Amino acid sequence: MRSDKQNRTPMGLKIAAGVGLAFLHLPLLLIFLYAFTTEEKSYQFPPPGLTLKWFAVTWNRPDVWEALGLSVRVASISTVIALTLGTLCAAAISQTKFFGREAISLLVILPIALPGIITGISLRSAFNLAEIPFSFWTIVLGHATFCVVVVYNNAVARFRRMSGSLIEASMDLGADGFQTFRHVILPNIGTALLAGGMLAFALSFDEVIVTTFTAGQQATLPIWMLEELVRPRQRPVTNVVAMVVVIVTFLPILAAYYLTRDGDQISGQGK
């Protein structure tokens, strides 16, 4: 057995990890700090004073609620589409064998591997060629392209861990396809789908680049924030909204982590 001294993490590694975490998260703390500043035209450090008035101002701004409502609706519908298509793709790729399966798998994950600006330009060109006017649904379609990938990655990994004998046993016992899905498949992949759906919602909620090319005149919450930053007054309102975005996106990601960290404990795994 290794001694406690050998199991200790080197101090240099601890310091490097701390510096990395500070580099990543200190800007987020500044966002929270400037949500309380009394200065409304610039970002002075340290802030000249602290106040809670910007929360009331943000609450009473109808444009904030419009942008927030649009983002929530787009993210919700994009997540539903992603759950449906991503699960079906994962089942087809992991449970069946056919010519071109690996190529199709690559095509499914390609939208999230490409830079967002490439995806955005491609979608905008396609909508223009098809003479589809920019609307709520063009935003949804744009977001669904990368949300499907998130759900697919979670679902296909879980499908591959699940023993195929479970499905065969269910069919041998007389269950039809729906009963097998409900009582055998869904309990095994449920947490993976929930985690994928949460991640898809978080990604859709704070998406900027693809939205810029597919939204037309509409403004989701991240687009609204970018537009507000160029205005010379009430800039702390943007920071208050940014706090909401951080919380809304952090909680699903945290929940997805806890739901998938024990994903290797799958019924029927092994023999």
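Residues numbered from 1 in each chain as written. Predicted model: local features only at pLDDT ≥ 70, side-chain atom pairs only at ≥ 80, totals over all residues. Heavy atoms only, no water.

A. Region of the structure containing the overall build of the chain. Counting secondary structure elements, the chain contains 12 helices and 0 strands. Each helix (α) and strand (β) of the chain, taken in turn from the N terminus, gives the series α-α-α-α-α-α-α-α-α-α-α-α. The buried share of the chain, taken over its 271 residues, is 35%. Long-range contacts, defined here as pairs at least 24 residues apart, represent 73% of the contacts in the chain between residues at least 6 apart. (Helix = DSSP H or I, 4+ residues; strand = E, 2+ residues; numbered from the N terminus. Buried < 20%, exposed > 50% of the residue type's maximum accessible area, 1.4 Å probe, protein only. Contact = heavy atoms within 4.5 Å.)

B. Focus on the pattern of salt bridges. Enumeration according to the criterion identifies 1 salt bridge in this entry. A salt bridge links Asp63 to Arg61; the shortest N-O distance between them is 2.9 Å. (Salt bridge = Lys/Arg side-chain N within 4 Å of Asp/Glu carboxyl O.)

C. Layout of the side chain of Thr119. Residue position: Thr119 is located in helix α6 (residues 116-129). If we ignore the near neighbours within four places in the chain, the residues touching Thr119 are Pro111, Leu114, Thr145 and Val210.

D. Representation of the packing of aromatic side chains in the model. For the coordinates displayed, the defined rule picks out 4 aromatic pairs. With 5.0 Å between their ring centres and 90° between their planes, Trp59 and Trp65 make a pair best called edge-to-face. According to the relative accessible area criterion, Trp59 is exposed, its value standing at 59%. Between Phe136 and Trp137, the ring centres sit 5.1 Å apart and the planes meet at 85°, which makes this aromatic pair edge-to-face. The exposed category is assigned to Trp137, whose relative accessible area is 51%. (Phe/Tyr/Trp six-rings, centres within 6.5 Å; stacked < 30°, edge-to-face > 60°.)

E. The arrangement of the environment of Asp206 in detail. Note that Asp206 resides in the loop between α9 (177-205) and α10 (209-214). Here Asp206 is in contact with Pro222, Val245 and Thr249, once residues within four sequence places are set aside.

F. Focus on a nonpolar patch on the surface. The grouping of Leu107, Leu110, Leu114, Ile117, Ile118, Ile121 and Ile209 at the surface amounts to a nonpolar patch, some 580 Å² of accessible area in total. In terms of residues, the nonpolar patch owes the most to one element, α6, which gives 3 residues. Mapped onto the secondary structure, Ile117 falls in helix α6. By relative accessible area, Ile117 is classed as partly exposed at 42%. (Patch = residues over 30% accessible without salt bridge, like charges linked within 9 Å, V, L, I, M, F, W, Y side chains within 5 Å. Areas by Shrake-Rupley, 256 points an atom, 1.4 Å probe, with all protein chains shown as cover.)

G. Expanded view of the nonpolar core. The biggest cluster of nonpolar side chains holds 19 residues, and the ones touching the most others in it are Ala90, Tyr152 and Phe159. The set of elements that each furnish at least two residues to this core consists of α4 (62-95), α6, α7 (136-161) and α9. In terms of residue count, α7 provides more of this core than any other element does, 8 residues in total. If near-sequence neighbours (up to four positions away) are discounted, Phe159 is found in contact with Thr87, Ala90, Ala91, Ser94, Gln95, Ile185 and Ile189. (Core = buried A, V, L, I, M, F, W, Y, C linked by side-chain atoms within 4.5 Å.)

H. Focus on helix α2 (residues 11-34). Helix length check: α2, at 24 residues, gives a terminal C-alpha distance of 34 Å against a target of 34 Å (1.5 Å per residue), a fit within 8%. Within α2, the axis deviates most sharply at His25, by approximately 35°, and proline Pro27 lies no more than four positions further along. (Expected span 1.5 Å × (residues − 1). Bend = angle between axes of the 7 residues up to and from the residue.)

I. The packing of helix α5 (residues 101-113) against α7, seen in detail. Between α5 and α7, whose axes approach to 7 Å, the crossing angle comes to 125°. For the element pair α5 / α7, the angle class is oblique. Classified by chirality, the crossing of α7 by α5 is left-handed. Residue-level contacts link Ser105, Val108, Ile109, Pro111 and Ile112 of α5 to Thr145, Phe146, Val149, Val150, Tyr152 and Asn153 of α7. (Axes fitted to C-alpha atoms, helices over the stretch in contact; angles between N-to-C directions. Parallel < 35°, antiparallel > 145°, perpendicular 65-115°, else oblique. Left-handed = near helix turned anticlockwise from the far one by under 90°.)

J. Seen up close, unusual backbone geometry. In this structure, Glu131 takes a positive phi of about 55° despite not being glycine. With respect to the secondary-structure elements, Glu131 resides in the loop between α6 and α7.

K. Layout of the packing of α4 against α7. Between α4 and α7, the least distance of the axes is 5 Å, while the angle of their chain directions is 40°. The angle between α4 and α7 falls in the class oblique. Note that α4 runs across α7; the crossing there is right-handed. Taken together, the residues of the contact of α4 with α7 sort by class into 23 nonpolar, 6 polar and 2 charged. (Nonpolar A, V, L, I, M, F, W, Y, C, P; charged D, E, K, R; others polar.)

L. Summary view of the confidence of the model for the chain. Residues of the chain with pLDDT of at least 70 account for 81%, and the chain-wide mean is 77. α4 holds the highest mean pLDDT among the elements of the chain, 86, whereas helix α1 (residues 4-7) holds the lowest, 57. Low pLDDT, under 50, characterises residues 263-271; the stretch is placed with 14 contacts to residues that sit more than four places away or in other chains. (pLDDT = per-residue confidence, 0-100.)

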